[in-house]
Amino acid sequence: SICMIASFGLITGIFVLLLYATKQGEQSVLIRNTSEYTGMDEDRICDLLEADLATGIRFRSKGLILTEQYILGTVSRWGLSPIAIPVEQVKDISYDVKRYTNLNGPDCWIIKFYLNLQNGKTVVLYINYVNWEMVVQMFKFHGFNIQ
């Protein structure tokens, strides 16, 4: 439908915009974080992500996107510190959920996903998403070893 095409275009556009942000902004953080954890060639990260995003998004929630080849998220609890982890580098995933009661408003959820990589490093992705169980089910559905 037109709504699905428009929303897909908007989502893809947001990440393409992220990839083309200034060198001092999110693009350089994305490149640095991705290279640090995965060892990917810094000069190729944005081109590979752009090509992968053009093929489609398998899952999207607040703060997390799964494409055919990457898991995109943030390694910062308080802001945007983007990272892209190649799916084939993920050995297994675990998670931790904490709920904080807020007396002045709605409760706060802090959900951490620990992506244990083939190279021995662990990436901690933060999502602030009340329906975090859906993310767990998504990882299981797409064949990830999640505990």
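The structure under discussion appears in the preceding block.
Summarised in this report is the structure supplied together with it. (Residues numbered from 1 in each chain as written. Predicted model: local features only at pLDDT ≥ 70, side-chain atom pairs only at ≥ 80, totals over all residues. Heavy atoms only, no water.)

Overview of the pairing of strand E3 (residues 70-74)
Burial within E3 is extensive, with five of its five residues counted as buried. Going residue by residue along E3, you find Tyr-70, Leu-72 and Thr-74 tucked away on one face and Ile-71 and Gly-73 tucked away on the opposite face as well. With two bridges joining them, strand E2 (residues 64-67) and E3 adopt antiparallel strand pairing. Looking across to E3, one finds that Leu-66 is bridged to Ile-71. (Buried < 20%, exposed > 50% of the residue type's maximum accessible area, 1.4 Å probe, protein only. Helix = DSSP H or I, 4+ residues; strand = E, 2+ residues; numbered from the N terminus. Pairing = 2+ DSSP bridges.)

Digging into the packing of aromatic side chains
Evaluated as defined, the whole model comprises four aromatic pairs. With 5.3 Å between their ring centres and 80° between their planes, Phe-139 and Phe-144 make a pair best called edge-to-face. No difference in accessibility class separates Phe-139 from Phe-144, as the two residues are buried. (Phe/Tyr/Trp six-rings, centres within 6.5 Å; stacked < 30°, edge-to-face > 60°.)

Structural notes on the nonpolar core
Counting residues in hydrophobic clusters, the biggest one holds 25 residues, and the most contacted among them are Ile-71, Phe-113, Leu-115, Val-135 and Phe-139. Going through the elements one at a time, E2, strand E4 (82-86), strand E5 (90-100), strand E6 (108-117), strand E7 (122-127) and helix H4 (132-141) are the ones with two or more residues in this core. Dropping the residues within four chain positions of it, Val-135 is found in contact with Phe-59, Ser-61, Leu-64, Phe-113, Ile-127 and Tyr-129. Among the nonpolar cores identified, the runner-up in size contains 10 residues, and Leu-30, Ile-45, Leu-49 and Leu-72 belong to it. (Core = buried A, V, L, I, M, F, W, Y, C linked by side-chain atoms within 4.5 Å. Contact = heavy atoms within 4.5 Å.)

Observations concerning the sheet that holds E6
If you trace the three strands from one edge of the open sheet to the other, you get E5-E6-E7, paired in antiparallel fashion. Pairing within the sheet leaves two strands with one partner each, and these edge strands are E5 and E7. Pairs of neighbouring strands in the sheet enclose a mean axial angle of 20°, with direction left out of account. Relative to E6, E5 is paired through 10 bridges, and the arrangement is antiparallel. Opposite Arg-99, over in E6, you have Trp-109 as the bridge partner. Running over the sheet, H4 touches E5, E6 and E7 and is turned about 20° from E6. (Axes fitted to C-alpha atoms, helices over the stretch in contact; angles between N-to-C directions.)

Quick look at helix H3 (residues 45-55)
Every buried residue of H3 is accounted for by Ile-45, Cys-46, Leu-49, Asp-52 and Leu-53. Taken end-on, H3 shows its buried residues confined to a sector of 130°, consistent with a single buried face. Along H3, the residues that are exposed and aim more than 90 degrees away from the buried face are Asp-47, Ala-54 and Thr-55. (Arc of directions from axis to C-beta.)

Overview of the environment of Gln-89
Assignment of secondary structure puts Gln-89 in the loop between E4 and E5. In sequence terms Gln-89 and Leu-117 are 28 residues apart; their C-alpha atoms lie 5.4 Å from each other. For Gln-89, the contacting residues outside a window of four places in its chain are Thr-38, Asn-116, Leu-117, Gln-118 and Asn-119.

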